[in-house]
Structure formats: structure tokens, C-alpha cells
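Residue-level structure breakdown
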Amino acid sequence: MSETSNANSFSIDGQRIPFTPGQTILQAALAAGVYIPHLCHHPELKPHGSCKLCTVIVNGRNGSACTQMAMPGIEVENNSPTLNDRRRVLLQMLFVEGNHFCPGCEKSGNCQLQALAYDLEMLAPHFRHAYPVRPIDTTHPDVWLDLNRCIMCELCVRASRDIDGKNVFALAGRGVDSHIVVNSPSGRLGDSALSIDDAAVHVCPVGAIMVKRVGYAVPIGERQFDEQPISRQVDYLATRHIPIVPVAATEER
Amino acid sequence: MSQLETAAHPETLRRVAIDPVTRVEGHGKVTLLLDQDNKIHQVRLHIVEFRGFEVFIEGRPYWEVPVTVQRLCGICPVSHQLAAVKAMDQIAGYGPLTPTAEKLRRLMHYGQMVQSHAVHFYHLASPDLLLGFDSDFTRRNIVGVALDFPEIAKQGVLLRKYGQEVIRHVAGKRVHGTGAIPGGVNKALTVAERDEMARDIEQMIGWTQGAIDMVRRLHETNPGFYNVFGESAGNMMGLMRPDGALDFYHGALRAVDPLGQTIFDQVDYADYQQVLQEEIKPWSYMKFPHIKSLGADKGWYKVGPLARVQAATYLATPLAEIERQKMMALGNGKPVHGTLFYHWARLVEILHAAEMIRDLLNDPDILGTDLMADRGERRFEAVGVIEAPRGTLFHHYRVNEDDQVTYCNLIVSTTNNNQAMNEAIRTVARQYLDGREVTEGLLNHIECAIRAYDPCLSCATHALGKMPLTVEVIDADGQLASSLSKA
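Model, not experiment: these values are computed from the prediction.

**With respect to the sheet that holds strand β6 (residues 235-240) of chain B**
Residues and elements named next belong to chain B. Spatially, β8-β7-β6-β11 is the arrangement adopted by the 4 strands of the open sheet, whose pairing is mixed. Sheet topology places β8 (262-267) and β11 (301-302) at the edges, where each strand pairs with a single neighbour. Here 2 bridges tie β6 to β11, and the two strands are oriented parallel to one another. When the sheet's bridge partners are listed, methionine 236 is paired in β11 with lysine 302.

**Quick look at the interface of chain A and chain B**
Interfaces are frequently sized by the accessible area removed from exposure as the parts join. Counting residues at the interface gives 22 residues for chain A, matched by 23 residues for chain B. Of the roughly 1800 Å² buried where chain A meets chain B, counting both sides, 56% is carbon and sulfur surface. For chain A, the biggest contributors to the area lost against chain B are A:Trp144, A:Arg213 and A:Ile220; these three give 31% of the whole. Inspection of the region where chain A meets chain B yields 4 salt bridges. Linking chain A with chain B are 8 residue pairs in polar contact (both at pLDDT 80 or more), by the criterion used here. Secondary structure elements with two or more residues in the side of chain A that touches chain B: β7 (143-146) and α8 (247-252) of chain A. Residues that form the side of chain A that touches chain B fall into these classes: 10 nonpolar, 5 polar and 7 charged.

**Examining the nonpolar core**
Counting residues in hydrophobic clusters, the biggest one holds 137 residues, and the most contacted among them are B:Val30, B:Leu107, B:Tyr397 and B:Ile446. The element that contributes the greatest number of residues to this core is helix α4 (residues 99-131) of chain B, accounting for 15 residues. Of all hydrophobic cores here, the second largest spans 68 residues; its members include A:Ala115, A:Cys150, A:Leu189 and A:Val234.

**Points about the sheet that holds strand β10 (residues 209-211) of chain A**
Residues and elements named next belong to chain A. Read from one edge of the open sheet, 3 strands run β6-β7-β10, paired in antiparallel fashion. Two strands in the sheet have a free side with no partner beyond their single neighbour: β6 (136-137) and β10. Of the strand pairs in this sheet, β7 and β10 are connected by 3 bridges, and their pairing is antiparallel. Looking at β10, one finds that tryptophan 144 is bridged to methionine 210.

**Description of the confidence of the model for chain A**
Close reading of the predicted structure is inappropriate where its pLDDT is low. In this model, chain A carries an average pLDDT of 93, and 94% of its residues clear a pLDDT of 70 or more. A low-confidence stretch, residues 246-253 of chain A stays under pLDDT 50, and its non-local contacts, those more than four residues away or across chains, total 11 contacts.

**Points about the packing of aromatic side chains**
Scanning the model with the defined rule gives 17 aromatic pairs over all chains in all. Taken together, a centroid distance of 6.2 Å and an interplanar angle of 80° make the contact between A:Phe225 and A:Tyr236 edge-to-face. Placement of the pair is A:Phe225 in the loop between β10 and α7 (234-239) and A:Tyr236 in helix α7, with a sequence separation of 11 residues. Feature note: the residues B:Phe133, B:Phe225, B:Tyr226, B:Phe229 and B:Tyr432 constitute an aromatic cluster, connected by ring pairs.

**Brief notes about helix α7 (residues 191-221) of chain B**
Under the 1.5 Å per step criterion, the end-to-end length of α7(B) is 46 Å for 31 residues, consistent within 8% with the ideal 45 Å. The largest bend along α7(B) reaches roughly 35° and is located at B:Ile201.

What counts and how
- Residues numbered from 1 in each chain as written.
- Chains lettered and ligands numbered in written order.
- Predicted model: local features only at pLDDT ≥ 70, side-chain atom pairs only at ≥ 80, totals over all residues.
- Heavy atoms only, no water.
- Pairing = 2+ DSSP bridges.
- Helix = DSSP H or I, 4+ residues; strand = E, 2+ residues; numbered from the N terminus.
- Contact = heavy atoms within 4.5 Å.
- Buried area = accessible area lost by both parts, 1.4 Å probe.
- Salt bridge = Lys/Arg side-chain N within 4 Å of Asp/Glu carboxyl O.
- Polar contact = N/O pair within 3.5 Å; in protein donor to acceptor, adjacent residues only side chain to side chain.
- Nonpolar A, V, L, I, M, F, W, Y, C, P; charged D, E, K, R; others polar.
- Core = buried A, V, L, I, M, F, W, Y, C linked by side-chain atoms within 4.5 Å.
- Buried < 20%, exposed > 50% of the residue type's maximum accessible area, 1.4 Å probe, protein only.
- pLDDT = per-residue confidence, 0-100.
- Phe/Tyr/Trp six-rings, centres within 6.5 Å; stacked < 30°, edge-to-face > 60°.
- Expected span 1.5 Å × (residues − 1).
- Bend = angle between axes of the 7 residues up to and from the residue.

Next up, the structure:
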């Protein structure tokens, strides 16, 4: 290995990954076609490091691939049974601490949580379901907020703040009481500044924020994760844009 | 009150329970109360679980409902999806469906009829009919049929598969697909998919005709038995076109009395509460609907294959209509009410559905791409009704301005047949068990009467699970006298 290539590359599971200075391990990996499981990362938003699905072992120490910068010569362990076992447990905890009922959910097939669970072969929840009582906010004319399905990745918080410039969403409470709150005088979505063409409406990786009146318009078999498991869709994960759906299109549904 | 519904002094009687009833969909049990001479005093069909779908659907968005409610059942999910979506078409404000959308929904529905009826006739009921009601119960199942009648078992499996493939092509999945959405359907049919279905349809029609012949020959071996087994003359109801033809997908309500005379006809199903009323009895989770004008005692009615093919003026496909007439000829001008005729009528309906599938596949509209209707004003209450494989299925919803479901009432086919099934098993109890030593074979006669209705007990109370059978005989002192189990 030459010094030059070593200066601009590192290894994941023994595979050499080139990077440009300023890239995180996750960004460099995705750009090189290497999959690292993740939920709270989106290429158009700043890293957050909250879901911990992308935790890798960097030179023997745990770290989030989405927040840790790529450095020359580091050795990263990613696709190992130990790490995938931990990721599966994280997913199981996410499933049991919310109310995720895939059979009737419009997001099914487009849902990253579901796609990860399939890909990491999560066969059962393992933990006892918490069945929390969480509110549904239906007051917005075009957007449905169902906190039963929220995984608190804060993608909507970041999108509203950094792209839409509105700060409609925020995380409140601590620990098990953490929950998304809405920035409006009444606390209801219908009284907030949220608009259907905001990035915050379309960034949700699960079925917590949904465009109203759209139900299964895209058939089974044609949804994002129907054809290929999420781990084989690295290009999509690296380059995807937040799909802003114009108002007219949703009213057609 | 029906004879044998409630014994005068139950405390003096011993109780026999068939718990749960097997080879039906869902959980149910039958209790019999007998005196020391084995005279029957009380017979009841109970549905033992409760799921509460009507309640937990409240608060959900209306566009989720057609997909969520089909989880009521794994055998005829399409029926629930279509009944719900017919209501949600109106809630969402859509006008009439495009010809292609309606035909694709019909195609899916007829596929559902074929697969559900095939499961029922071949997998669940044929072991009794072909091997004998009191044959060795360890072999009285579809595997036993496959050993003794391999060709029939194979045809049953492939007929079911055909129906499921039709569903898959329209809905995306064999079970719990998403084809119908408020306003239309979400996917056009490809030429390759159409051709694949067209390739085998004549074979399906031929096999079904063969099965009808088989049932006719079976009847000829012992007409006295088949004509009267579980015979209970009740009113009959179904969805009909304006010309009186039976229509599985859409029509208006018609009810006839046991002699075939009209009670009401062409009633808009949205007004079902004007002609039907539900009664609650303290001993059952399942409601008892009846025809309002006749009252609770005389107003009970049957739905499903035998009821609707006899309530109809005719079936709109030639082969099935011929077979319907041959079956009805056995009544000498009156409707037949022997419970086992349900199986015969069910096969006639498979034939009708298969002919409808063939006609749809030959219709150029089926390959159309105009899938969604025009959208108008939102509505806040709607009823969707369909003829599900087991009978008339009602879905009634109210939705608020924020798109949340606020009210849901489901009257499923099996609930419509609640009193009819109770009447049938009381007749069987009188005919075969009264005064005799209770045996497994005799108890199976009761199950055979229930099975003929093909009840979907999980739909009826929204129950879920599998069913081993345990029969316990309890003596007059409440002590367990004997127990019989089968897995």
C-alpha cells in the first residue's frame, strides 16, 4: 500500500475505502458502495448520531459512522455478527417501544425501519411490547402525524429547521418520556406553519408523518424496498433527495 | 324463542361441549344439554373470542381501513377490502368507478370466490362427504382425501391456487394485497398476466363441473339423508341486480321467505338498518340479525351460497344457471333447505365465478389503464356491501372532517347466518343425537352442519388462532364424566 493511497483511504472489514477530507465514515462508505445500516442519517441533512444503528468499531472503539470523520488508515469493523446482533437488538427495542403495525401502514414497503428489520432478519420482537399510549394529530388539512410510529430520529426536526426554516418540530421530554412536539400556540399541527411542500413532511423514514389521503396508491411490488433489500440499495441511500410532493399531485390521489 | 335454544332447568342437565369446532375458520364451540336419557334440551353455537375490530379501527385514517380490515381473515380478505373500499370510495368523494377499475375489482372478487369456496369444499368439507361423517377421525381430513381420492384432492388444491393467482395479479399478493384503493385500483393488468390467467380458466371450469357431478352422484346414493340433514326452512337474502340476477360485487338487497316469496327487493344497501335489526343474546358474543318487519322469532335469515342462488331470479352465466336449475329441481318448485345443499350451491358458485373470470379476461377493458375515478365532494358516512364467499357482508363507517374513522359497524356473513346455524344444529341434534349415546361420530354430525355454512368465526367475533378439539362430558353433578380430545 502506497503512502498516498493510505493518506486518502481507510478500511472497512478489510476493504479499502477512499475518502475526501470532511467526509464521515458513513458518507465515504456509501460513496464507495459499502452499506452501513442507518436510520437517522439523510444525505441532505446534518449528521445526528441518535439512532446508533450505524455504530461501527473504529480501531477497537465503538463509534457512530454517521458522526465520526473518516481518517487515513483507520480500521473499521462493520458487517460482523457481533455488530449486526447489536443492531438487531436496537431494532427490536424500537419496535416494542412504539406501536408499529406494518399490516395496515401505508408506509409498508417504503419504511426504513421495516426494511432494516427484514434485512437484519429480525424474526421476533424479543422484548415485551410496551404498547405506549401516544397521540395522533389529525388537525392539519394535508398532513397526518401519528406518534405511535415515531422513532425519534429527528429527521423532521432537522428538515424543518435547516431546509424549511420553520422549526415546526422539536424533541421534548427525557428518556422514555421523549416525544416529538409541535411548535404552534395550541401545540397542534393544524395551527403550525407546516405546509405540505415542506421537506419535514416528506423526510420521515417511518409512517409517523404521512401525507393525508394517500393510501396504497403505489402497489405492492413497486415500493422502494420491495425489489431489493435495503442493504443492496447503497446508491439510493447515498444520493436520495427528500421527495417534495407538490400539493396538486396529492390531491389527485 | 327457537326450540332447544334455552332449557327450562339447565341445572338438572349434563353438558356436552364441542370445543372448539374444527375445520372451520376461527374459534367456536357447541354446547348440548342432555338429561339422563340423553334427551336433548338445549343446543347452542357459541363464538368464544372477541377481537373488537370495530373499536380499534376508530381513530385511524380512512385510507388505511380497506387494508387494515382485511386482516380480519386470511381466507377471504378480498371481501373485507372490497366492502370497506366501496364505503371509502364514497367517503373520499369519488364518483362512479372507471370501467377498468370496476372490472379489475370484480376479477379479484371472483378469484376470491373460487379460492375461498375451493378451500372450503375440498379442504374442509370433502373429508366428511367423501370419507363419511363418522369415519375414522384420524383420517377424516384433506390428507385422508388425498390418499383415497388423489385426483379430487389435486383439483381442489389447484382450483384454490388458481383463485389465489387471480388475486395476486390484481392485488399484488395472494393474501392481504392492496389492489383496491378509494376511487379505483392501484395497478393495471398486463397482457402477460391476463394470458397466464386465461390459459387455465377452461380447465377450472371443467373441474368444477366434474365436482358438481360428483356431488350429484353422492346425493343420488342417499337422497333421503341429504335432503333432510339439518333441514331448517328460513328466509334467504342476497345482493341482486335490478333484473334479479345474483351479483357478488354490487347490487341491492333482496330477501325471500322459505317458499321463495319476496319479502323485500331492490333495497339500497345503504338503508340496511331500515330492513334489518341486530339482537343481542346474553349467551353469545355474536349478534343475531333479523328482518325487522318479521320480528326476532320469524325474521331470521340465511345468507351465502344456498340462500342467494335460490333468492336470485337467475345466474348470469349459462353453465352455472343450468346447474342451479338442476339443483333447485330437487325441491319440486320450492326452495331446498337441507343444510348439505350448501355444498352443492357453493360449487355452482365456483362455476359462476369461473365463467365470470373467463368473460372478464376476454373483455378489452380489463387491460385498460384508466384506473381512478373523478373526485368530488367528501362525505362523512357510507356503507359498503358485497357478497362475500360466505354471504352478505356489511361495512358501515363514519369519518370526521380530519379524516379519522369515528364509527365502524361490521355485519359479517357468519353473523347473518348466526340463527340459521343454530337452527341447523338443533335440527341435527333432534335428528341424530336425541336419546342416543353421544359418540365422536355423532358429534361430528353437528360439526358437519356448521361446516356446511362455512362459517368464518374469526370474522364474526374477530377471533384468531388454531383449533384443537376437546369434548367434555359433564354429569348432572357438574363432574367430568369423560373427555375426548383430538389435535
